[in-house]
Amino acid sequence: MTFEERVPLSRFTTLGTGGPARWFGRPESVEELSEALRWAADQGVAASVVGLGSNLLVADEGVDGLVLKLAGGLATATVDGETLLAGGGAPLAVCLHRARAASLGGLEFACAIPGTAGGGVWMNAGAYGSDIAAVLDRALIVSAEGESWRTPTELGLEYRRSALRPGEVVAQTEFRLYSRPADEVKATVAEMQARRKEAQPTNKRTFGSVFKNPEHELTAGRMLEACGLRGYRIGGAQISPRHANFIENADGARSVDAIALMVEARRRAREQFGVELEHEVQLLGSLVLPKT
Ligand SMILES: Cc1cc2nc3c(=O)[nH]c(=O)nc-3n(C[C@H](O)[C@H](O)[C@H](O)COP(=O)(O)OP(=O)(O)OC[C@H]3O[C@@H](n4cnc5c(N)ncnc54)[C@H](O)[C@@H]3O)c2cc1C
């Protein structure tokens, strides 16, 4: 397959920041994906994937490697009986739509998650008491070394993490759903979306939760709110005035602005609560979150 060069990744992140990928490819089948990953391995360059960029912070200087965005047959979803078959690049919104049209329940929680099936597996994304691990039957993982189907246990799915390693790509997923009338699915989704709208910024560019919830009586959002960080701004990035565990692109933000906010948030949480916040957002390129 052919690759484009120096494609701006800001187009593919919900925050709207990030520099160019040195090489960029859109594999449409498992064969093309394998070929791209083997090419990167032969060249000795790192390969990574972007989904819908909804929990991703990309370095402003870009990524000196191959970045892939799954497309074509790797980004569609179909239903077979009570199983939803989705390419790793299929938006969860499309998966949910297909499930509802086939009168299948189980994926309603995904209405809150603006990512792909593959990104959902990588993050073990979840909301409203459910997560990908609860509904995933198995996923096809492709790397330069080969391919294998893995169960949630083999994928090491835990709270907002998996044991997948860089260079391992979720190419296909199979979700085990159950029969549920479409109007009931629709009603649950409407209720979840209304709750979401009340609590979080829904009309701003963000990347979802910045930090994982710590083992503490307060959530990360409540903790950062107690630190007085709502509305706190560095450069073009701002901690959401509505929910302190969200960073918004207020005006021409750069990824480095978001990193500076995260450093400050961690410093304050440590000082005020003695808690070391762990970031949920994934970093791509030469970004590091310095320990201060
Ligand atoms: C408004 C908003 C609300 C959100 N609410 C929630 C929520 O309620 N719950 C929740 O869990 N998350 C939430 N998120 C975060 C985000 O939607 C999830 O983490 C989602 O799973 C990320 O999927 P993605 O496809 O956008 O992945 P990306 O953000 O593009 O990537 C995230 C990570 O997954 C990797 N990745 C992506 N695709 C693949 C693949 N096919 N194979 C291997 N690795 C891959 C990337 O390399 C990266 O490391 C929210 C985000 C926003 C913007």
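Shown above is the structure to which this text applies.
Values in this document were obtained by computation on a predicted structure and should not be read as measured data.

## Brief notes about the site of the ligand
Point 1. Around the ligand, the structure places 31 residues, and the nearest of them are Val-49, Gly-51, Ser-54, Thr-116 and Gly-126.
Point 2. Contact distances for the ligand include 2.7 Å between an oxygen atom and a side-chain N or O atom of Arg-196.
Point 3. Elements supplying a minimum of two residues to the shell around the ligand: helix H3 (117-123), strand S9 (126-127) and strand S13 (169-176).
Point 4. Here the shell around the ligand gets five residues from one element, more than from any other, and that element is H3.
Point 5. Broken down by class, the residue content of the shell around the ligand amounts to 15 nonpolar, 13 polar and three charged.

## A word on the state of the cysteines
Point 1. For the coordinates displayed, the defined rule picks out zero disulfides.
Point 2. This cysteine, Cys-95, is not joined by any disulfide, and Cys-111 carries the nearest cysteine sulfur, 13 Å off.
Point 3. For Cys-95, a relative accessible area of 0% gives the class buried.

## Observations regarding the sheet that holds strand S2 (residues 20-25)
Point 1. What the four strands build is an open sheet, ordered S1-S2-S5-S3; its pairing is mixed. Only two strands of the sheet have a single neighbouring strand rather than two, namely strand S1 (4-8) and strand S3 (47-49). Adjacent strand axes in the sheet meet at a mean angle of 45° when their direction is disregarded.
Point 2. Across the sheet, helix H1 (residues 30-43) touches S2, S3 and strand S5 (63-68), and the angle it forms with S5 is around 165°.

## Section: the pairing of S13
Point 1. Burial analysis of S13 places six of its eight residues in the buried class, which makes it a mostly covered element.
Point 2. The pairing of strand S7 (residues 83-87) with S13 spans five bridges and is classified as antiparallel. Following the sheet pairing, Gly-87 is matched in S13 by Gln-172.
Point 3. Looking at chain direction, strand S11 (residues 136-143) and S13 are connected through six bridges and run antiparallel. The partner of Arg-138 across the bridge, within S13, is Glu-174.

## Section: the layout of surface pockets
Point 1. The calculated volume of the second largest pocket comes to roughly 220 Å³.
Point 2. Within the lining of the second largest pocket, the residues separate by chemical class into four nonpolar, three polar and five charged.

## Description of helix H8 (residues 255-273)
Point 1. End to end, H8 covers 26 Å across 19 residues, agreeing with the expected 27 Å (1.5 Å per residue, within 8%).
Point 2. For H8, the full list of buried residues reads Ser-255, Asp-257, Ala-258, Ile-259, Leu-261, Met-262, Val-263, Glu-264, Ala-265, Arg-266 and Ala-269.
Point 3. Buried residues along H8 sit against strand S4 (56-58), helix H7 (220-226), strand S15 (233-234), strand S16 (237-239), strand S17 (247-249) and strand S18 (282-284).
Point 4. Backbone geometry just after H8 places Gly-274 at a positive phi near 65°.

## A look at unusual backbone geometry
Point 1. The phi torsion at Arg-6 lies on the positive side, around 50°, for a residue other than glycine.
Point 2. In this structure, Arg-6 sits in strand S1.
Point 3. The class for Arg-6 is exposed, based on a relative accessible area of 57%.
Point 4. Even without glycine at this site, Tyr-128 takes up a positive phi of about 50°.
Point 5. Exposure remark for Tyr-128: the relative accessible area of 28% places this residue in the partly exposed category.

## Quick look at the sheet that holds S16
Point 1. Strand order in this open sheet of three strands is S15-S16-S17, and the pairing throughout is antiparallel. The outermost strands of the open sheet, each flanked by one partner alone, are S15 and S17.
Point 2. Bridge count for S16 against S17 is three bridges, and the pairing is antiparallel. By the bridge assignment, Ile-239 is partnered in S17 with Ile-247.
Point 3. Its contacts with the sheet put H8 on S15, S16 and S17, and the angle it makes with S16 is roughly 30°.

## A short note on the nonpolar core
In summary, soluble globular proteins display a tendency toward joint burial of nonpolar side chains.
Point 1. Core analysis: the biggest nonpolar cluster contains 33 residues, and Leu-107, Ile-132 and Phe-175 have the highest contact counts within it.
Point 2. Of all elements in the fold, only S7, helix H2 (92-101), H3, helix H4 (132-135), S11, S13 and helix H6 (182-199) reach the threshold of two or more residues within this core.
Point 3. In terms of residue count, the dominant contributor to this core is H2 (four residues).
Point 4. When neighbours within four sequence positions are excluded, Leu-107 is seen to be in contact with Leu-84, Cys-95, Leu-96, Val-135 and Leu-177.
Point 5. Counting residues in hydrophobic clusters, the runner-up holds 28 residues, among them Ile-259, Val-275, Leu-277 and Leu-289.

The rules behind each value
- Residues numbered from 1 in each chain as written.
- Predicted model: local features only at pLDDT ≥ 70, side-chain atom pairs only at ≥ 80, totals over all residues.
- Heavy atoms only, no water.
- Near = heavy atom within 4 Å.
- Polar contact = N/O pair within 3.5 Å; in protein donor to acceptor, adjacent residues only side chain to side chain.
- Helix = DSSP H or I, 4+ residues; strand = E, 2+ residues; numbered from the N terminus.
- Nonpolar A, V, L, I, M, F, W, Y, C, P; charged D, E, K, R; others polar.
- Disulfide = S-S within 2.5 Å.
- Buried < 20%, exposed > 50% of the residue type's maximum accessible area, 1.4 Å probe, protein only.
- Pairing = 2+ DSSP bridges.
- Axes fitted to C-alpha atoms, helices over the stretch in contact; angles between N-to-C directions.
- Contact = heavy atoms within 4.5 Å.
- 1 Å grid on protein atoms, 1.4 Å probe; cavity = no way out; pocket = protein on both sides within 12 Å on 5 of 7 lines; lining within 4 Å.
- Points joined across faces, edges and corners; volume = space filled by probe spheres on them.
- Expected span 1.5 Å × (residues − 1).
- Core = buried A, V, L, I, M, F, W, Y, C linked by side-chain atoms within 4.5 Å.

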